[in-house]
Amino acid sequence: MSKFSRAVAILLCVAMVLGMLPTFAFAAENAAPQSINFLDPSEASKFTVENKSVTEIKADEGLYLVSTTDAVEPCNGQISSFNAKDLVKIPAEGDWTATIKFKFDQGGSQGYYEFFGFYAMDDYNNMVGIRAGDGAIQDFLRQAGTVKADTDGVKTSSGLKSASTHWLRIAKTGDDYVCYWSTNGVDFTKTFSYEDTGVTGNTIAIDAYTGMASGYNYSVEYLYFGDDTDAMNQFAVDNAAAVLAKKIPADIPLKVDDTYTLPKGLGSYTCSYTAEPDCVTAAGKMTALKDETEVTVHMTVAGAGKTSTKDIKVTLPASGTGTAPAVTYMVTFNPNYSGMQRVTVEVPEGEVVAVPEGMERVGFKATWRNGNANYDFTKGVTADMTLTAS
């Protein structure tokens, strides 16, 4: 090849590369934001936590947050500068509709000035969104550092005064935003709309804040991008099924009575089973066959008005070979107090659990609740659970 030919070839290659660069840049700028299953710890790479303190993904719970006075706005005068603690941030460029599902537990908080916030933001000075708490659903808009909206928008009879599940949704078009709220994940009420905000909103932010020393607890199950509510609920049950399938071991560890109990569910999601060959009840109790057998377990997970099925191949040992101890469950004690850490204990199925040493605050007699009900410590444990002090 002549020098001239080589030069032309090099120029052509350079031109091709330069021509491709704008295409790559365009694709990156317009990449669709990613939905997040907060039940799966492997999804932690999809978000960041600014000034992390307690926020983290907890197994079977989701993204755990506790309200703090160090929030995205001055709260009872307890923050001196915008440096929010445990602020969750997710990239979300372009136009989008995003929905977040979270569980709420008031714990021992007095319930004054407590809010869970869901925002689109550029920075602390430019952000817009919706907040839930204090008996109301509230709007929020800050432009160029000035708060333009911060009022009670939708009054509710109970607000976030009892353990409950809520959905918040933001639809973004340019710098216009519409916010929605739901208590069932199907019917959404339009709450606020903001036009010509000047907020680009390429970041979604989540925070929980309070004016009290002890805050509310929140567990976020997922963040879903899309405006199809039906598809969102299928996404939710598929997420739960994926997490539950990982709990089934490839080699089944039989108990001494030659049985094994498959997962019963996850939060509000329930499981039912069949298997080939037939060796499992609908409730998930497997019984060993005469010989070691390769089994296909058909798991159906139901919740959010949807179902999701997983086929899991396992090895079931022969009867008479069981050695594993009884099924155990994880019981987490949440002291609901900033000066104490959660403690998790493993309890054999059917046995009672006691409050671990050091979990009682001096001068304070706690009542331990499982959800809305006081927990009966005389009953045997039959599932994983979190007990919260109040």
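One can find the structure itself at the top, above this paragraph.
Residues numbered from 1 in each chain as written. Predicted model: local features only at pLDDT ≥ 70, side-chain atom pairs only at ≥ 80, totals over all residues. Heavy atoms only, no water.

Concerning the overall build of the chain
Stated precisely, the cut-off is as follows: The numbering of helices and of strands both runs from the N terminus, where a helix is a DSSP run of H or I of at least 4 residues and a strand a run of E of at least 2. Summary of the burial criterion: residues with accessible area below 20% of their type's maximum are buried, those above 50% are exposed, and those between are partly exposed, where the area comes from a 1.4 Å probe applied to protein chains only. Any two residues whose heavy atoms approach within 4.5 Å at even a single point are treated as in contact. Each accessible area value is a Shrake-Rupley result obtained with a 1.4 Å probe; residue values ignore everything except the protein chains displayed when judging cover.
For the chain, the count of helices and strands is 2 helices and 27 strands. When burial is assessed residue by residue, the chain has 47% of its 390 residues classed as buried. Taking contacts inside the chain between residues at least 6 apart in sequence as the whole, the part at least 24 apart equals 61%. Surface exposure of the chain reaches about 18,500 Å², of which carbon and sulfur atoms provide 53%.

A short note on the environment of Thr-287
Among the secondary structure elements, Thr-287 is positioned in strand S20 (residues 285–287). The exposure class assigned to Thr-287 is partly exposed, which follows from its relative accessible area of 39%. Sequence separation between Thr-287 and Lys-255 is 32 residues; the distance between their C-alpha atoms is 9.6 Å. Thr-287 has contacts with Asp-258, Thr-259, Cys-279 and Leu-316, leaving out every residue within four places of it along the chain.

Re the packing of aromatic side chains
To be explicit about the condition: Ring pairs shown here join Phe, Tyr and Trp side chains whose ring centres sit within 6.5 Å, with only the six-membered ring taken for Trp; geometry is labelled stacked below 30 degrees between planes, edge-to-face above 60, and tilted in between. Only Lys NZ and Arg CZ are tested; either one counts as a charge over a ring when it is within 6 Å of the ring centre and within 35 degrees of the ring normal.
Taken as a whole and assessed by the stated rule, the structure comprises 11 aromatic pairs. Judged by centre distance (6.3 Å) and plane angle (85 degrees), the ring pair of Trp-96 and Phe-225 falls under edge-to-face. Here the residue Trp-96 occupies a position in strand S6 (residues 96–105), and Phe-225 occupies one in strand S16 (residues 217–225), the gap between them amounting to 129 residues. Take Trp-96 and Phe-225: they sit in the same class, and that class is buried. Consider the rings of Tyr-375 and Phe-377, whose centres lie 4.9 Å apart with planes at 90 degrees: the pair is edge-to-face. These aromatic residues form a ring-pair network of at least three members: Phe-102, Phe-104, Phe-116 and Tyr-218. Here the guanidinium or amino end of Lys-58 rests over the ring plane of Tyr-64, the centre of that ring lying 5.1 Å away. Geometry around Phe-188 places Arg-169 over its ring, the cationic atom sitting 3.9 Å from the centre.

Structural notes on the pattern of salt bridges
Heads up, the condition is: For this document, the term salt bridge refers to a Lys or Arg side-chain nitrogen within 4 Å of an Asp or Glu carboxyl oxygen.
One pass over the full model with this rule turns up 10 salt bridges. Glu-61 serves as the salt-bridge partner of Arg-342, at 3.1 Å between the closest nitrogen and oxygen. Taken together, the residues span a long stretch of sequence, with Arg-342 in the loop between strand S23 (328–334) and strand S24 (343–348) and Glu-61 in the loop between strand S3 (56–58) and strand S4 (62–66) at a distance of 281 residues.

So, the sheet that holds strand S19 (residues 269–276)
Stated formally: The pairing criterion for strands is at least two bridges between them, as found by DSSP. Note on geometry: axes are C-alpha line fits, over the in-contact stretch for helices, and angles between N-to-C directions span 0 to 180 degrees.
With respect to topology, 4 strands assemble into an open sheet ordered S18-S19-S21-S22, the strand pairing being antiparallel. The open sheet has two edge strands, strand S18 (265–266) and strand S22 (306–316), and neither has a second partner. The pairing of S18 with S19 spans 2 bridges and is antiparallel. Bridged to Gly-265 within S19 is Thr-270. Set on the sheet, helix H2 (residues 229–245) makes contact with S18, S19, strand S21 (293–303) and S22; between it and S22 the angle comes to about 15 degrees.

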